[in-house]
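# Summary of structural features
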Amino acid sequence: MSVTAAMVKELREKTGAGMMDCKKALAETNGDMEAAIDWLRAKGIAKADKKSGRTAAEGLIGIVSGGVKAVVVEVNSETDFVARNEAFQELVRGVANVALGTDGSVEAIANANYPATGKSVDDTIKDAIATIGENMTLRRAALLQVEDGVVATYIHNAAGDGIGKLGVLVALKSIGDKEVLFSVGRQVAMHIAATNPLAIRADEVDAAVAERERNVFIEQSRASGKPDNIIEKMVEGRMRKFFEEVALLSQAFVMNPEITVGQAIKDAEKLAGAPIEVTGMARLLLGEGVEKEESDFAAEVAAVAKG
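Computed from a predicted structure; not experimentally measured.

## Quick word on helix H5 (residues 86-99)
- Compared with an ideal rise of 1.5 Å per residue, which puts 14 residues at 20 Å, H5 spans 20 Å between its outermost C-alpha atoms and is within 8% of the ideal.
- Three or more residues of H5 are buried, namely Phe88, Gln89, Leu91, Val92, Gly94, Val95, Ala96, Val98 and Ala99.
- Where H5 begins, the side chain of asparagine 85 points an oxygen toward the backbone nitrogen of alanine 87, at a separation of 2.7 Å.

## As for the confidence of the model for the protein chain
- Residues with a pLDDT of 70 or more make up 87% of the protein chain, whose mean pLDDT is 87.
- Looking at the elements of the protein chain, mean pLDDT is at its lowest for helix H12 (residues 297-306), recorded as 46, and at its highest for strand E8 (residues 166-173), recorded as 98.
- Note that residues 293-297 has pLDDT below 50 and, in this model, three contacts with residues that lie over four places away or in other chains.
- For residues 300-307, every residue scores under 50 in pLDDT, and the model assigns this stretch one contact once sequence neighbours within four places are set aside.

## Describing the pairing of strand E10 (residues 256-260)
- Sheet topology note: the strand E9 (residues 252-253)/E10 ladder contains two bridges and is antiparallel. Considered in E10, the bridge of phenylalanine 253 is made with asparagine 256.
- Hairpin connection from E9 to E10: two residues lie between these consecutive antiparallel strands.

## A word on the side chain of glutamate 269
- Its place among the elements puts glutamate 269 in helix H11 (residues 261-272).
- For glutamate 269, the contacting residues outside a window of four places in its chain are Ala274, Pro275 and Ile276.

## With respect to the sheet that holds strand E1 (residues 58-65)
- Strands sit in the order E5-E2-E1-E7 across an open sheet of four strands; the sheet is antiparallel. Each of the sheet's edge strands pairs with one partner strand only, and the pair in question is strand E5 (137-145) and strand E7 (163-164).
- Pairing of strand E2 (residues 69-77) with E5 involves eight bridges; the strand directions are antiparallel. The partner of valine 75 across the bridge, within E5, is leucine 138.
- Those strands touched by H5 are E1, E2, E5 and E7, and its axis lies near 145° from that of E2.

Calculation notes
- Residues numbered from 1 in each chain as written.
- Predicted model: local features only at pLDDT ≥ 70, side-chain atom pairs only at ≥ 80, totals over all residues.
- Heavy atoms only, no water.
- Helix = DSSP H or I, 4+ residues; strand = E, 2+ residues; numbered from the N terminus.
- Expected span 1.5 Å × (residues − 1).
- Buried < 20%, exposed > 50% of the residue type's maximum accessible area, 1.4 Å probe, protein only.
- Polar contact = N/O pair within 3.5 Å; in protein donor to acceptor, adjacent residues only side chain to side chain.
- pLDDT = per-residue confidence, 0-100.
- Contact = heavy atoms within 4.5 Å.
- Pairing = 2+ DSSP bridges.
- Axes fitted to C-alpha atoms, helices over the stretch in contact; angles between N-to-C directions.

Here it is, written out as structure tokens:
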């Protein structure tokens, strides 16, 4: 069967693959469109595997809220250019929507069905790698839920509806007025975006982190040459200050530094008509903790010129 330009165009539109690849796929499969798609998919996955070693530290954070339940996901790409790609943005939104119906673990999300393709999220991302041409990964996710109350959300540096560079979830347990809960929850989420607290309460700060701080303070205080009993009091004072600065409820509220976050929530209880308890928080900053590869641009240009 002869391969026509119209067939190549149709296959290219369906797969996003290059013109010559589409032409070859149709030739190899006797013009069978579905078989040609499978041929390209197999080839695309092979390409994706080659790209999987590249550092993917750009991308987008996606958030979806279901009222008493919300999820935040991080889907990485290699470049910010791809993060501005409409197809990639829709992929991140789609992954976040799928994640809302899971337990929030990366494994569960990766294995879940992606409705738009009828494939798993993992396979859908692999297909997107082949189509868009960059390595992509579902790196992290967090899900919060309450029986009564709300899970408020905030996206910073938004690139569109529900997507951006930093995402925060805050779970508020309360039977109070939902509108008030969402309002104060969003403000607290914005505060978390700005301050990145280590825990909700002082007694929830990781013990190892607290111990490291204590040891540093002890060494600093010893340098003063003061007696041990004075040093002990100095260290305790510094530790109290440390916990105030890293625990959410004791931090000075960004919206009104005259009060703490805990006091702001207490004040909101009057409007909500019921007690409010912060039961969870999650903050995902795009690319946080990823070591980006440093490239020698001059060497790259020289390599291209050679071959």
